[in-house]
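Residues per chain, in single letters:
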Amino acid sequence: MKTKLTLEMEATLYAYCREAGAFAVEEVTMPDDAGIVDTLSYQEMPDKSIEWRCYELKVTKSDFHSKAKLSFVGHYNYFVLPLKLYQTVQDEIPPRIGVLIYRPFDAEMLATATEAPSTPGYLTVARPPRHQDLQVPASELTTRFIASQAREVGKAKQMATGLKQYSTDRLYQELKKRHQHYDIYDPDANFYDQFIEDTQSTAVTALQSEIDALNLERHDLQQQLKEQRP
């Protein structure tokens, strides 16, 4: 499960890459046990060559020291870190690896802004990376980049479809799972209660509408009968 900070950094990095003219996608699995790149970007240069950049996002010191493989396989490779973490681990970062510092926008500044920013924060270059040859074949990077983009498109289509893609039985089973977390001390916070209340309210409203329609029909019939009497 990604933390709120990780999601904020991902969104900001994605916008950063797009603004630079690159295409980016998250969580790209590399071949030959080379790990998973947190974010991989692809950019066509003026001379028609392709430039690949790999980004590893870390939010805590334990995360930075994780045994998970670092997939620095691109032409340029970066750590993306919050400022405090960078200040703690900067001496441990290899010279060839660049560093982007993430800073969230100040809450007071946001409160007075005339236009809301498109990202939760911004990135600055603390250290530029050094160029290296690709550590995996370019064709492999291209194939896996496309596959990861297809995965994200699939997710977006599912979001657009919403709950319509799921059967009633599957939705019912999911609702039963959520009921296991029922909080008897705070019923207002339970989506289960809200669902039942909304369902009952909808049913009552539907019945009332039907009753109103029947009463109106009865009234019209009574008026017709009165008009037909001699």
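Position numbers for residues start from 1 in each chain and track the written sequence from start to end. In keeping with the predicted nature of the model, local features appear solely for residues at pLDDT of at least 70, side-chain atom pairs appear and are counted solely at 80 or more, and the whole-chain, interface and lining totals rest on all residues. Excluded from the side-chain calculations are hydrogens and water; all other atoms, namely the structure's heavy atoms, are used.

An unreviewed UniProt entry lists the protein chain under the name DUF4365 domain-containing protein, from Levilactobacillus lanxiensis.

With that settled, consider the sheet that holds strand β1 (residues 23–29). For two strands to be treated as a pair, DSSP must find no fewer than two bridges joining them. By the criteria applied, helices consist of DSSP H or I runs no shorter than four residues and strands consist of E runs no shorter than two, each listed in order from the N terminus. Spatial strand order, β1-β2-β3-β4-β5-β6: six strands in an open sheet with mixed pairing. Every interior strand has two partners, whereas the edge strands, β1 and β6 (121–127), have only one. On average, each strand axis in the sheet is tilted by 30° relative to the strand beside it, whichever way the strands run. The pairing of strand β5 (residues 98–104) with β6 spans six bridges and is antiparallel. Residue pairing in the sheet places L100 in a bridge with V125 of β6. Lines fitted to C-alpha atoms define the axes, with helix axes restricted to the stretch in contact, and inter-axis angles between N-to-C directions lie between 0 and 180 degrees.

With that out of the way, let us pick up the side chain of T6. When you line up the elements, T6 lands in helix α1 (residues 4–19). Between buried and exposed lies partly exposed: a residue is buried under 20% and exposed over 50% of the maximum accessible area for its type, with that area taken using a 1.4 Å probe on protein chains only. Taking the relative accessible area as the measure of exposure, T6 reaches 15% and is therefore buried. For T6, the contacting residues outside a window of four places in its chain are L57 and V59. The contact definition used throughout considers only heavy atoms, calling two residues in contact when any of these lie within 4.5 Å.

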